[in-house]
Amino acid sequence: MAFLDLNSINTYYGRSHILFDVSLSIEKGEVVSLIGRNGAGKSTTFRSIIGLTPPQTGEVIFKGERISGLRAFRICRKGVGFVPEDRRCFPDLTVRDNLEVAARREKEVDSPWTVDRIYALFPRLQEREKNLGSQLSGGEQQMLTIARTLMTNPEVLLLDEPSEGLAPLIVSLLADMILRIRKEGVTVLLAEQNLHFCAKVSDRAFVIDKGSVKFAGTMKELLANDEIKEKYLAV
Amino acid sequence: MDLSFLTVQVLSALRQAAFLFLISSGLTLIFGVLNILNFAHGALYMLGAYFVYALTLHLTGPAGFLIAILAAPLGVALIATVIETGLLRRIYMQEEIYQLLLTYALVLIIDDLAKIVFGPEFKSIPKPEMLSGSVTLFGGTVPVYTLLVVVLAPAVALLLWYLLYKTKTGKVVRATSSDREMADALGINMSALFTLVFAFGAVLAGLGGALAGPVRTVFPGVGTEVIIESFVVVVIGGLGNLWGALVGSILIGSLETIGIIVFPEFEMALIYLLMVAVLVVRPWGLFGRPLKIKALSEKNLAMEAQEISPVHFTVHPAVRWAPLLLLLLVPLFAGRFYQYLLTQIFVASLMAIAFNLLLGTTGLLSFGQAAFFGVGAYTVGLLLTKAGFGTLPALVLSPVVAAAVAGIIGFFCVRLSGVHFAMLTLAFGQLIFAVVFKWYGFTGGDNGIQGIRVNPIPFGGMGALDLGSTQAMYYFVLVVVGLSVELLRRIRSSPFGATLKAIRENSQRASFLGVNIKLYQWTVFVVAGAFTGLAGGLYALMEKSISPEIIHWSKSAEPVFMTIIGGIYTFAGPAVGAVVYVILNSYLVAWTEKWALVLGLVLLTLVLLLPGGVVGYVNEKARQTLGKLRCIHKWPFSKSATS
Amino acid sequence: MAILEVRNIVKSFGGLRALQDVTLSVEKGEIRAVIGPNGAGKSTLFNVMTGLLAPDSGNVVFDGEQIIGMPPHRIIRKGIGRSFQITNIFPRMSVFENVQVALFSHHGKSRNPLHLARKFTEIGEETIAILEQVGLAGKYDMSASILSHGDQKRLEIAISLASRPKLLMLDEPTAGMSRFESRETVSLLQRISREQGLTLIFTEHDMDIVFAISEKIMVLQQGAVIADGTPAEIKANPEVRKAYLGEEITES
Ligand SMILES: Nc1ncnc2c1ncn2[C@@H]1O[C@H](COP(=O)(O)OP(=O)(O)OP(=O)(O)O)[C@@H](O)[C@H]1O
Ligand SMILES: Nc1ncnc2c1ncn2[C@@H]1O[C@H](COP(=O)(O)OP(=O)(O)OP(=O)(O)O)[C@@H](O)[C@H]1O
Ligand SMILES: [Mg+2]
Ligand SMILES: [Mg+2]
């Protein structure tokens, strides 16, 4: 059994059916990309895993345990970290407080994230330490959102468009970070528009369109598959 | 003025402030975290006092008193926990106004239950010997109990400050308030946290009540007096801010003490005057910051389905004309009582629909509409009784005068939004109430104006329209209200209405369309004020006597109820709500003494079961069917999209 | 002739100098990129130019008129449109209404309280035309709040276009869009700029797009202009490379 398994989940928003029998299976320590056009259902897949929009049928299995149906905070405490796409840092807390409120699971991992480690990763956040979340630039907010989720010391990290709004230098920092935590055994699921970025960090990819999986394979296979590339990725 | 007098007064002001702080710190805490302005907070205060009363009946002596004082808040916390987990939790995703209404319904219910359990009379709680003595301080005699209270309140403040600003839980609490979904995804157990905060706030209210019980009296409804005062405190201080609550309490406590000595007549008006002054200078209160904008995903998206946008849908004309036709025929088979009841409903509908142009369409919750209703009614009343005006000119002037008043009040109010807007309109409304109530020479004070003579309306020599009979009044009001409602419907469906809706959804973005949002908000405030004034004018004509009660804030709450019962995001909702409310009101009062309890239960049920209101529910559930029955028609804008 | 002259803008937040003496001049019809590291002050510059923030000192002259000190709605009326970095739309209105209300404002109809909004058929058609341009016509009756993130970005651009500005400021217009959509958006912007002489100022962290469409590029770092020139000059500028681009860009 894989580390994280989605067994044909179907997710709805109200009455509209968004995900159709989506199945993904991810091994420990992998970095996997989820690729697709706008509105394909990438974010919905993430929200289904973390439990913000629980799937109506199908199940999510994490480390052999069924997590679909649990409340989001329980799923997070089991080690699933979610970075949303729309920069949702807490506007009324300072940068440091934003990080501190998220800290958890320090005992469950070997080298837990601390505020200092975060600052070493994103020095910009340290410079802006006393700013409130609402007083950051767009890119700084994005860094903070990613950093905040790291503070929960996840075993699986769901990154929804992490490179959005980040300067090229920071994007390559981010790529290094992903490769590094992966060595520490963290599994990463990544939804990205930036193909260079995906190619650099991930081993495998799923292409998703209109709520169902259209392609599953290694990154190499994907880049070699002209039909898929043209049809779903516009390259 | 000597030192002993000063000491006594200062300490009495501080005691007042201490009570206020205990209550309002809980109120502001709950608001800060749960985003709920808890109307039931006063009722929890009352319960605290009653619990001490009940406990001291059995437990005597100083020890018993102490146990009672400590146990009562815990009892209140228990009740609060039940309220939070059983009721409030179900509607966190709704707009704030539903939570406000739910807690208001709880006030009605708890007050009536208290009356049943403890009886309607005033209760006083004996203090034990040890605490009823007094000491001499700077030559003044100060009760020991006062000292106890004055010391205890700051201690609570310190404790709160520590918990909120120095502990991780405190930070988590503050984080959660701004983005619940993200807090959830970061592993914060919000349900538990919210229950904890609500219960903790309730403990503070209960403690306030328990401590105040022995020095003030307790009776059903005492909570309502307390809650309004606490609203003023937290709004002056800045909503959600602990220091604000402290400073606000001291300000109001002192003002009340000074007011009683210097202007005993105008004590209450002074408080509202202070509130207006503070909010005009510092719109978000002394320590407050502009309210945070809720994350998009937090808004209740289901509401979408309840709003049948006038841009996308047209209602079949028959749906509009059939009720009108029916109403024209009613007097043929219904008696005078029913005609009178319907006339009341018409007036209430006009007020509610005009109100909802503010709330539902523009997103402004006005809690001072009674002021414009009253201004309209008094305009007609005074012009008819004192100035000898004809009926029609007086009625025509009522919206004009109301609009002028709304213009002035609106100028200050539109700088605010959300709860602050509501509170400033409330303060202005209460100021007008106080003026009308006290100005015997002009308005008749609390006697109001009796025996308004409604002269026939002349038709330029071709006879006259005599409004003397119930039936004539029925038709007259029907026509005036019908025309006004049609005008309001037009406004809502026009480009102006579409722009108002954009302002409701995102005022910053609207200003980047080139829209002067403050001007638009002001305009719609004046328009709503004018129609509310017209409703007031009609009311004066049909009732023929008016009293200041129609300006009291509890009258302002009526259109809020009606709108929520019927559905905020619908045009017809407020009218449907008016039907329900007026009928409930007139039958319940006749049928049972416990009408507040029943009304509370009805409101509670509606909020929980039909969160979009009656019409919203129909819209949501029956949209497909309505379309098929051709009651509504979808407007095809895009050929490519509809084919 | 320069349509926009920004002179010596200074803006501080507390101790932080977010903009230090920024000067910028944009010709009519030009496509100008403003780039720089995160927190360089790009959005702050946009906010100052559109009246959301008041600068500590400096001038902004648009079309020969001083616009500093005007409230946003008046600046917009002069012919400036903008989009926001963090999605800023009317959530519980349909996609159609989002754009229609912008057009009402543009055509001076917003104050009309008596005619039915849907009876303005010309504005309705214009709305659909704009939605078609950004590829959202098929979703015209969906509530904006339930659009996916990338679709919301497109709606954001549609709203900005609807005010038919002479000068359009876009804050990371294609961030969050998939390659299909961002390619289409970019060519749409180029086309409008070419056909209608629209002046465009935008920020973007996607260097492919920046170098593909901009005629001139200004680089901000810590609130100061460190370079201003043609794409080729900027690419070759070592300081820009060190502060912002990193080395990767050499290949592309
Ligand atoms: N609350 C909602 N109600 C109904 N439909 C929704 C809701 N939220 C999203 N959708 C729809 O679900 C589909 C998938 O959305 P999702 O956000 O998962 O896309 P995505 O792949 O993340 O796209 P993007 O790259 O633009 O972020 C979209 O068509 C969107 O319109
Ligand atoms: N209201 C504020 N109070 C204090 N500092 C602020 C405020 N707004 C922005 N800042 C700071 O000013 C700096 C410039 O911010 P700005 O948003 O202009 O950056 P930017 O260039 O747009 O960056 P990005 O590419 O990340 O969007 C940032 O460091 C930010 O933290
Ligand atoms: Mg997405
Ligand atoms: Mg920015």
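Residues numbered from 1 in each chain as written. Chains lettered and ligands numbered in written order. Predicted model: local features only at pLDDT ≥ 70, side-chain atom pairs only at ≥ 80, totals over all residues. Heavy atoms only, no water.

Caption draft 1: View of the overall build of chain A. Scanning chain A for helices and strands turns up 10 helices and 10 strands. Rg of the C-alpha trace for chain A: 17 Å, near the compact-globule value of 18 Å for 235 residues, within the 12% margin. Overall size of chain A, expressed as C-alpha extent along the three principal axes, is 45 × 40 × 35 Å. Taking the contacts inside chain A whose residues are at least 6 apart along the sequence as the reference set, 67% of them involve residues at least 24 apart. Averaging the coordinates of the 32 positive side-chain charges in chain A and doing the same for the 31 negative ones gives two points 3 Å apart. (Helix = DSSP H or I, 4+ residues; strand = E, 2+ residues; numbered from the N terminus. Rg over C-alpha atoms; globule rule 2.2 N^0.38 Å. Contact = heavy atoms within 4.5 Å. Lys, Arg positive; Asp, Glu negative; His and termini not counted. Charge placed at Lys NZ, Arg CZ, Asp CG, Glu CD.)

Caption draft 2: Local environment of the coordination of the magnesium ion (ligand 4). Residues and elements named next belong to chain C. Protein-derived coordination of the magnesium ion (ligand 4) comes from Ser 43 (OG) and Gln 85 (OE1), at a distance range of 1.9 to 2.2 Å. A residue pair is termed long-range when its members are at least 10 positions apart, and Ser 43 in helix 1 (residues 42–49) and Gln 85 in the loop between strand 6 (80–82) and helix 3 (95–106) qualify at 42 residues. Judged by relative accessible area, Gln 85 falls into the buried class, the value being 11%. (Donors = N, O, S within 2.8 Å, 3.2 Å for Na, K, Ca; no water. Buried < 20%, exposed > 50% of the residue type's maximum accessible area, 1.4 Å probe, protein only.)

Caption draft 3: Spotlight on the site of ligand 1. Taken together, 21 residues lie around ligand 1, and Lys 42, Ser 43 and Thr 44 of chain A together with Ser 148 and Gly 150 of chain C are the ones closest in. Among the chains of the assembly, those with residues near ligand 1 are chains A, B and C. Between an oxygen atom of ligand 1 and a side-chain N or O atom of Glu 85 of chain A, the distance comes to 2.9 Å. Elements represented by at least two residues in the shell around ligand 1 include exactly strand 2 (16–26) and helix 1 (42–50) of chain A together with helix 5 (149–162) of chain C. (Near = heavy atom within 4 Å. Polar contact = N/O pair within 3.5 Å; in protein donor to acceptor, adjacent residues only side chain to side chain.)

Caption draft 4: Structural detail: the packing of helix 4 (residues 96–118) of chain B against helix 23 (residues 553–566) of chain B. Residues and elements named next belong to chain B. Close contact between helix 4 and helix 23 brings their axes to 11 Å; oriented N to C, the two are set at 120°. When the interaxial angle is binned, helix 4 and helix 23 end up oblique. Once helix 4 is placed against helix 23, the crossing between them reads as left-handed. Along the contact surface, helix 4 presents Ile 97, Tyr 98, Leu 101 and Tyr 104, while helix 23 presents Trp 553, Val 560, Phe 561 and Ile 564. When the residues that make up the contact of helix 4 with helix 23 are grouped by side-chain class, the tally is eight nonpolar, no polar and no charged. (Axes fitted to C-alpha atoms, helices over the stretch in contact; angles between N-to-C directions. Parallel < 35°, antiparallel > 145°, perpendicular 65-115°, else oblique. Left-handed = near helix turned anticlockwise from the far one by under 90°. Nonpolar A, V, L, I, M, F, W, Y, C, P; charged D, E, K, R; others polar.)

Caption draft 5: Looking closely at the packing of helix 2 (residues 41–58) of chain B against helix 9 (residues 190–212) of chain B. Residues and elements named next belong to chain B. One way to put it is that helix 2 packs onto helix 9 with a least axis distance of 7 Å and a crossing angle of 50°. When the axes of helix 2 and helix 9 are compared, the pair comes out oblique. Of the two elements, helix 2 crosses helix 9, and the hand of that crossing is right-handed. On helix 9, the residues touching His 41, Leu 44, Tyr 45, Gly 48, Ala 49 and Val 52 of helix 2 are Gly 201, Ala 202, Ala 205, Gly 206, Gly 208, Gly 209, Ala 210 and Ala 212. Partitioning the contact of helix 2 with helix 9 into residue classes produces eight nonpolar, six polar and no charged.

Caption draft 6: Focus on the layout of surface pockets. Residues and elements named next belong to chain B. A volume near 1,600 Å³ is recorded for the second largest pocket. Forming the boundary of the second largest pocket are 45 residues, of which Val 319, Arg 320, Arg 489, Phe 571 and Ala 572 lie nearest the centre. Breaking the lining of the second largest pocket down by element, the ones donating at least two residues are strand 3 (313–315), helix 13 (317–333), helix 14 (336–362), helix 19 (470–493), helix 24 (573–591) and helix 26 (613–628). Sorting elements by how many residues they give to the lining of the second largest pocket places helix 19 first, with 11 residues. Looking at the lining of the second largest pocket, its residues break down into 32 nonpolar, seven polar and six charged. (1 Å grid on protein atoms, 1.4 Å probe; cavity = no way out; pocket = protein on both sides within 12 Å on 5 of 7 lines; lining within 4 Å. Points joined across faces, edges and corners; volume = space filled by probe spheres on them.)

Caption draft 7: A look at the sheet that holds strand 4 (residues 57–62) of chain C. Residue and element names in this part refer to chain C. With antiparallel pairing, the four strands of this open sheet are ordered in space as 2-1-4-5. Each edge of the open sheet carries a strand with a single partner, namely strand 2 (16–27) and strand 5 (65–66). Strand direction decides the pairing type here: strand 4 and strand 5, joined by two bridges, are antiparallel. What sits directly across from Val 61, in strand 5, is Gln 66. Docked against the sheet, helix 1 engages strand 1 (2–13), strand 2 and strand 4, running at close to 115° with respect to strand 1. (Pairing = 2+ DSSP bridges.)

Caption draft 8: A look at the interface of chain A and chain B. Contacts between chain A and chain B engage 26 residues on the former and 22 residues on the latter. Counting the surface lost from both chain A and chain B, the interface buries some 2,200 Å², and carbon and sulfur atoms represent 53% of this. On the chain A side of the interface with chain B, the three residues burying the most area are Arg 88, Phe 90 and Asp 92 of chain A, jointly 29% of the side's total. Taken together, chain A and chain B are joined by three salt bridges. (Buried area = accessible area lost by both parts, 1.4 Å probe. Salt bridge = Lys/Arg side-chain N within 4 Å of Asp/Glu carboxyl O.)

Caption draft 9: Representation of the site of ligand 2 within the structure. Taken together, 22 residues are adjacent to ligand 2, and Ser 137 and Gly 139 of chain A together with Lys 42, Ser 43 and Thr 44 of chain C come closest. At the site occupied by ligand 2, nearby residues are drawn from chains A and C. One nitrogen or oxygen atom from the main chain of Gly 139 of chain A is found 2.7 Å from an oxygen atom belonging to ligand 2. Lys 42 of chain C places a main-chain nitrogen or oxygen 2.7 Å from an oxygen atom of ligand 2. When the free accessible area of ligand 2 is taken as 640 Å², the share hidden by the protein chains comes to 89%. Taken together, the elements giving at least two residues each to the shell around ligand 2 come down to helix 6 (138–150) of chain A together with strand 2 and helix 1 of chain C. (Areas by Shrake-Rupley, 256 points an atom, 1.4 Å probe, with all protein chains shown as cover.)

Caption draft 10: Spotlight on the domain arrangement of chain B. Residues and elements named next belong to chain B. Domain boundaries assigned for chain B yield domain 1 (3–224) and domain 2 (341–447 + 480–634). Taken over C-alpha atoms, the centre of domain 1 sits 33 Å from the centre of domain 2. Carbon and sulfur atoms supply 85% of the area that domain 1 and domain 2 bury against each other, a total of about 2,100 Å² over both sides. Counting the surface domain 1 buries against domain 2, the share from its top three residues, Ile 97, Tyr 98 and Leu 101, is 30%. Run the count over domain 1 and domain 2 and you get zero salt bridges. The interface formed by domain 1 and domain 2 contains one residue pair in polar contact (both at pLDDT 80 or more). At 13 residues, the largest contribution of residues to the side of domain 1 that touches domain 2 is made by helix 4. Classifying every residue of the side of domain 1 that touches domain 2 gives 17 nonpolar, two polar and three charged. (Domains from an automatic or database assignment.)

Caption draft 11: Region of interest: the coordination of the magnesium ion (ligand 3). All names here are of chain A. Protein coordination at the magnesium ion (ligand 3) comes from Ser 43 (OG) and Glu 85 (OE), with a distance range of 1.9 to 2.2 Å. On the criterion of sequence distance, the pair formed by Ser 43 in helix 1 and Glu 85 in the loop between strand 6 (80–83) and helix 3 (95–102) is long-range, its members being 42 residues apart. Taking relative accessible area as the criterion, Ser 43 reaches 17% and is therefore assigned buried.

Caption draft 12: Region of interest: empty space enclosed by the protein. A full pass over the atoms with the stated rule returns nine cavities of 30 Å³ or more. In this model, the largest cavity occupies a volume close to 130 Å³. Together, 19 residues line the largest cavity, and Glu 307, Pro 310, Thr 361, Arg 492 and Lys 501 of chain B are the ones closest to its centre. Contributions of two or more residues to the lining of the largest cavity are made by helix 14, helix 19 and helix 20 (495–505) of chain B. It is helix 20 of chain B that contributes the most residues to the lining of the largest cavity, four residues altogether. Within the lining of the largest cavity, the residues separate by chemical class into six nonpolar, eight polar and five charged. By volume, the second largest cavity amounts to about 80 Å³. What lines the second largest cavity is simply Ile 35, Gly 36, Arg 37, Glu 192, Gln 193, Asn 194, Leu 195, Cys 198, Tyr 232 and Leu 233 of chain A together with Ser 178 and Arg 179 of chain C.

Caption draft 13: Representation of the sheet that holds strand 9 (residues 204–209) of chain A in the model. All names here are of chain A. Read from one edge of the open sheet, six strands run 6-7-8-3-9-10, paired in mixed fashion. Of all the strands in the sheet, the pair left with one neighbour each is strand 6 and strand 10 (212–218). Sheet twist, expressed as the mean angle between neighbouring strand axes with direction ignored, is 15°. In the packing of helix 7 (residues 168–183) onto the sheet, contacts are made with strand 3 (31–35), strand 7 (156–160) and strand 8 (187–191), and the angle to strand 8 comes to roughly 150°.

Caption draft 14: Quick peek at the packing of aromatic side chains. Residues and elements named next belong to chain B. In the structure shown here, the tally under the stated rule is 27 aromatic pairs over all chains. Seen from their ring centres, Phe 337 and Tyr 587 are 6.4 Å apart, and the 85° between their planes marks the pair as edge-to-face. Taken together, the positions of Phe 337 in helix 14 and Tyr 587 in helix 24 put the pair 250 residues apart, joining distant regions of the chain. Taking the relative accessible area as the measure of exposure, Tyr 587 reaches 39% and is therefore partly exposed. Centre to centre, the rings of Tyr 474 and Tyr 475 are 5.4 Å apart; their planes meet at 85°, and the pair counts as edge-to-face. Residue Tyr 474 is classed as buried on the basis of its relative accessible area, which comes to 0%. (Phe/Tyr/Trp six-rings, centres within 6.5 Å; stacked < 30°, edge-to-face > 60°.)

Caption draft 15: Highlighting the interface of chain C and chain B. The interface of chain C with chain B comprises 48 residues on the first partner and 47 residues on the second. Together, the buried faces of chain C and chain B total about 4,200 Å²; carbon and sulfur atoms form 61% of this surface. Where chain C packs against chain B, one counts three salt bridges. For the salt bridge of Glu 156 of chain C with Arg 509 of chain B, the shortest nitrogen-to-oxygen distance reads 3.2 Å. The interface formed by chain C and chain B holds 21 residue pairs in polar contact (both at pLDDT 80 or more) in total. Elements that contribute at least two residues to the side of chain C that touches chain B include exactly helix 2 (72–77), helix 3, helix 4 (121–134) and helix 5 of chain C. If one sorts the elements of the side of chain C that touches chain B by residue count, helix 3 of chain C sits on top with seven residues. A breakdown of the residues in the side of chain C that touches chain B according to their chemical character gives 21 nonpolar, 16 polar and 11 charged.

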